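# A structural walkthrough
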Amino acid sequence: MEFPSATKAAPATEETPLNKIKDGILSKSSHLEVRDAVNFDTNTKESTVSITVVGASGDLAKKKIFPALFALYYEDCLPKHFTIFGYARTKMTDAELRIMVSKTLTCRIDKRENCNDKMEEFLQRCFYHSGQYDSEEHFMALDKTLKEHEAGKQSNRLFYLSIPPNIFVNVVKCACTSASSANGWTRVIVEKPFGRDSESSATLTRSLKQYLEEDQIFRIDHYLGKELVENLSVLRFSNLIFEPQWSRQYIRNVQLIFSEDFGTEGRGGYFDNYGIIRDVMQNHLLQILALFAMETPVSLDAEDIRNEKVKLLRSIRPLQLEDVVIGQYKSHTKGGVKYPGYIDDKTVPRDSLTPTFAAAALFIDNARWDGVPFLMKAGKALHARGAEIRVQFRHVPGNLYKRSYGMNLETNELVIRLQPDEAIYLKINNKVPGLGMKLDRSNLILHYATRYSKEIPDAYERLLLDAIEGERRLFIRSDELDAAWSLFTPLLKELEEKKVVPELYPYGSRGPVRSHYLAAKYNVRWGDLGTESHQA
Ligand SMILES: NC(=O)C1=CN([C@@H]2O[C@H](COP(=O)(O)OP(=O)(O)OC[C@H]3O[C@@H](n4cnc5c(N)ncnc54)[C@H](OP(=O)(O)O)[C@@H]3O)[C@@H](O)[C@H]2O)C=CC1
Ligand SMILES: O=C1O[C@H](COP(=O)(O)O)[C@@H](O)[C@H](O)[C@H]1O
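Residues numbered from 1 in each chain as written. Chains lettered and ligands numbered in written order. Predicted model: local features only at pLDDT ≥ 70, side-chain atom pairs only at ≥ 80, totals over all residues. Heavy atoms only, no water.

## Side note on the site of ligand 2
Put simply, the test is: Consider each residue's heavy atoms; a residue with any of them within 4 Å of a molecule or strand counts as near. Polar contacts here mean pairs of N or O atoms no more than 3.5 Å apart (in protein, one a potential hydrogen donor and the other a potential acceptor; neighbouring residues in sequence count only if both atoms are side-chain atoms). Only the protein chains shown count as cover for residues, and all accessible areas are computed by the Shrake-Rupley method using a 1.4 Å probe. Amino acids outside the nonpolar list (Ala, Val, Leu, Ile, Met, Phe, Trp, Tyr, Cys, Pro) and the charged list (Asp, Glu, Lys, Arg) are all regarded as polar, and Gly is one of them.
All residues adjacent to ligand 2 are K192, H222, Y223, K226, E260, R267, D279, H284, K380, R385 and Q419. H222 has a polar side-chain atom sitting 2.8 Å from an oxygen atom of ligand 2. Residue D279 places a side-chain N or O atom 2.6 Å away from an oxygen atom belonging to ligand 2. Calculation on ligand 2 without its partners gives an accessible area of 390 Å², and the protein chains cover 83% of this total. The residue makeup of the shell around ligand 2, split by class, is 1 nonpolar, 3 polar and 7 charged.

This is the structure we're talking about:
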């Protein structure tokens with residue numbers, strides 16, 4: 001298969017972001033331009049950025065945060081003067097932190113030059129401070145050390161809360177009272193979960209706001225940092241062919257699908273208190289839905305985009321129990337290997353009813369989407385790992401080919417594959433070459449690995465950079481969070497009060513059979529059932 005050749009880089013004479021900055025015509029809404037502007041600006045003002053990873057000894061810090069910070073350093077995206085501090089209770093020296101961090105650093109496949117040198121330089125800028133999460137005294141000591149590194153420059157401080165949620169508020173209190181910047185900005189990145197229902201989420205927000213302004217709080221949903229999620233707005237609002245189709249008039253249903261081919265092993269303690277609806281649907285899938293279905297924002301500024309998302313979230317009809325299916329994986333033996341069930345994890349109670357799978361039908365009660373089912377499905381320990389959006393279009397009216405040739409035409413389907421192997425493809429009916437008239441279903445494809453030679457950055461890279469630059473577009477505002485919880489809280493309460501028993505499905509399967517009945521109720525067939533690949 002041939003793919004169109006890649007677009008060439010803009011010629012040097014064209015208006016580039018840097019030229020625009022120098023000429024003073026930088027538009028705040030242009031994200032790429034803002035990125036360059038911030039580096040430019042930070043370097044000239046002799047300010048520093050100190051990034052403190054709170055919970056640095058933990059899984060997320062090792063797996064995602066330090067590697068993302070290194071990737072930003074490697075790409076020259078961090079300000080000239082920056083320092084990274086790990087903070088946790090575990091006793092560690094700077095050297096031990098560096099050894100720990102170095103184990104998870106990797107270089108991009110497409111950029112290996114000087115990788116070891118760059119890693120060494122990066123590690124030399126990483127330090128460790130051991131302390132309790134509720135000790136102002138320990139945060140005061142951190143403050144002192146940060147000041148030494150900041151060496152009298154204007155100081156900006158970013159705290160990344162990579163810790164369990166029950167200690168968020170203690171840390172924010174101590175960090176704000178004893179270690180916030182005296183002459184620059186202080187920002188806090190908060191990891192999910194942001195509560196477990198409307199009430200606890202509101203309490204958390206209220207507690208955080210005792211110490212922080214809303215614009216200092218960066219609630220992270222790492223799905224918003226994924227390349228194809230960010231591309232959703234570009235696809236919709238910069239291509240004439242999509243936006244006019246984006247409504248009940250042409251779209252039959254939309255499917256948002258998340259699946260993982262591994263279980264909750266090792267995270268059972270956390271997961272059992274949340275379940276898949278809180279872990280994935282209420283945040284990642286709902287955020288994607290909001291971006292997919294919102295109206296055109298006034299501008300690309302964070303507040304304009306988030307205003308539209310909130311409007312959309314508030315237009316979603318309350319979820320009905322009969323429009324939801326829940327499941328839990330059970331042990332399964334395949335090829336002589338026994339895969340454990342959810343409740344086989346020692347940290348999970350044997351009688352747990354926590355869903356590891358859920359499917360739901362949602363409806364948006366507005367003029368654009370009235371009557372269109374938005375089907376969501378999320379599950380652990382399924383047959384494959386992936387996340388995608390499937391848009392199934394209506395039938396061709398009149399169906400000329402049926403009348404003339406008796407052919408049953410398939411409907412068009414647009415697939416936005418978020419991961420793995422990112423791609424956007426549109427299924428169309430096409431004439432099979434030859435003298436006769438035979439149609440088949442082929443794909444118009446944008447396959448990222450083929451089209452773009454650049455490696456796709458990890459979501460955490462984009463989000464960390466945005467937080468450093470003060471760009472809030474990809475972070476969740478408190479009213480968005482309230483709207484998301486308002487939608488799911490009554491359902492979660494009902495499931496828990498009625499002790500709804502999840503349908504058991506074997507580890508590695510396609511999930512509960514009842515999810516197919518749910519789709520069929522709305523005349524929908526899940527689009528991920530075949531063995532299709534992106535190839536035509
Ligand atoms: N891991 C992941 O893939 C993801 C994680 N998250 C969220 O990110 C945050 C961090 O996750 P993760 O790194 O997995 O968490 P961990 O359980 O690994 O905890 C991080 C660190 O916090 C400290 N800690 C752990 N439990 C407690 C406790 N009960 N009381 C006080 N301190 C404690 C430990 O450091 P020490 O003992 O040294 O102080 C630990 O190393 C959580 O909010 C999680 O929900 C979100 C998405 C994905
Ligand atoms: O937030 C979470 O996301 C991960 C999936 O993230 P991905 O980027 O690897 O797709 C999920 O495994 C985890 O349960 C959830 O808390």
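## Notes on the packing of aromatic side chains
In plain terms, the rule: In summary, the pairing rule links any two rings of Phe, Tyr or Trp, Trp by its six-membered ring, whose centres are within 6.5 Å, and it sorts them by plane angle into stacked for under 30 degrees, edge-to-face for over 60 and tilted for everything else. Secondary structure is summarised from DSSP: a helix means a run of H or I of at least four residues, a strand means a run of E of at least two, and numbering begins at the N terminus for each. We call a residue buried when its accessible area falls under 20% of the maximum for its residue type, exposed when it is over 50%, and partly exposed in between, using a 1.4 Å probe and counting protein chains only.
This model, assessed by the stated rule, comprises 24 aromatic pairs. Taking 6.3 Å as the distance between ring centres and 55° as the angle between the ring planes, the aromatic pair formed by Y87 and Y133 counts as tilted. Of the two residues, Y87 sits in strand β2 (residues 82-88) while Y133 sits in the loop between β3 (126-130) and α6 (136-150), which places them 46 residues apart along the sequence. What makes Y87 buried here is its relative accessible area of 0%.

## Details of the packing of helix α8 (residues 198-209) against helix α16 (residues 478-497)
This is how it is decided: Orientation is described by lines fitted to C-alpha atoms, with helices fitted over the stretch in contact, and by angles between N-to-C directions that extend from 0 to 180 degrees. Should an angle lie under 35 degrees it is considered roughly parallel, over 145 roughly antiparallel, and from 65 to 115 roughly perpendicular; all remaining angles are considered oblique. Two helices cross in a left-handed way if the nearer one is turned anticlockwise from the farther one by less than a right angle. They cross in a right-handed way if the turn is clockwise. Every residue pair with non-hydrogen atoms within 4.5 Å of one another is taken to be in contact.
Running from amino to carboxyl end, α8 crosses α16 at an angle of 160°, the nearest separation of the two axes being 9 Å. If you check the angle between α8 and α16, you find them roughly antiparallel. Both α8 and α16 take part in a crossing whose hand is right-handed. Residues S198, S201, T205 and K209 of α8 lie in contact with α16, whose contacting residues are S478, L481, W485, S486 and T489. Across the contact of α8 with α16, the residue classes break down as 2 nonpolar, 6 polar and 1 charged.

## A look at the UniProt feature "domain: Glucose-6-phosphate dehydrogenase C-terminal" (unreviewed entry) in the protein chain
For clarity, the threshold we go by: UniProt positions are given in the numbering used here, feature names are shortened, and annotations may be inferred rather than shown by experiment.
Under the UniProt annotation, the feature "domain: Glucose-6-phosphate dehydrogenase C-terminal" (unreviewed entry) is placed at residues 234-526. Strand forms 25% of residues 234-526 and helix 31%; the C-alpha atoms that close the span are 26 Å apart.

## Observations regarding the pattern of salt bridges
The line we're drawing: The rule for a salt bridge is simple: a side-chain nitrogen of Lys or Arg has to be within 4 Å of a carboxyl oxygen of Asp or Glu.
Counting across every chain of the model gives 39 salt bridges. Residues E243 and R368 are paired through a salt bridge, measuring 3.1 Å at the closest nitrogen-oxygen approach. On the criterion of sequence distance, the pair formed by E243 in the loop between α9 (227-237) and β7 (251-259) and R368 in the loop between β11 (357-362) and β12 (374-379) is long-range, its members being 125 residues apart. A residue is classified by how much of its surface remains accessible, and E243, at 18% relative accessible area, is buried. Between D365 and R317 there is a salt bridge, with its nearest N and O atoms 3.0 Å apart. Residue D365 is located in the loop between β11 and β12, and its partner R317 is located in the loop between α12 (302-314) and β8 (324-330); the two are separated by 48 residues in the primary sequence. The class for R317 is partly exposed, based on a relative accessible area of 33%. Here the salt bridges share partners, and the residues they tie into one network are E227, E230, R462, E471 and R473.

## Points about helix α17 (residues 514-521)
To keep it simple, the criterion reads: Working definition: the arc comes from the directions between the helix axis and the C-beta atoms, pointing outward to the latter.
S515, L518 and A519 are the residues of α17 that are buried. Down the axis of α17, the buried side of the element spans an arc of 95°, and every buried residue falls inside it. Its buried side turned inward, α17 meets β8, β11 and β12.

## Quick word on the domain arrangement of the protein chain
This is how the line gets drawn: Each domain span listed reflects an automatic or database assignment of domains. We define buried area as the total accessible area lost by two parts upon association, computed with a 1.4 Å probe and summed across both.
Its domain assignment divides the protein chain into domain 1 (18-191) and domain 2 (225-521). Here the C-alpha centre of domain 2 lies 32 Å away from the C-alpha centre of domain 1. Taken together, the contacts link 29 residues of domain 1 with 22 residues of domain 2. Roughly 2,200 Å² of surface becomes buried between domain 1 and domain 2 when both sides are summed, with 59% attributable to carbon and sulfur atoms. Where domain 1 meets domain 2, there are 2 salt bridges. Across the pair K64 and D458 runs a salt bridge, and its minimum N-O distance is 3.2 Å. Counting across the domain 1 and domain 2 interface gives 4 residue pairs in polar contact (both at pLDDT 80 or more). Secondary structure elements with two or more residues in the side of domain 1 that touches domain 2: α2 (31-45), β1 (47-54), α3 (59-74), β4 (154-161) and β5 (186-190).

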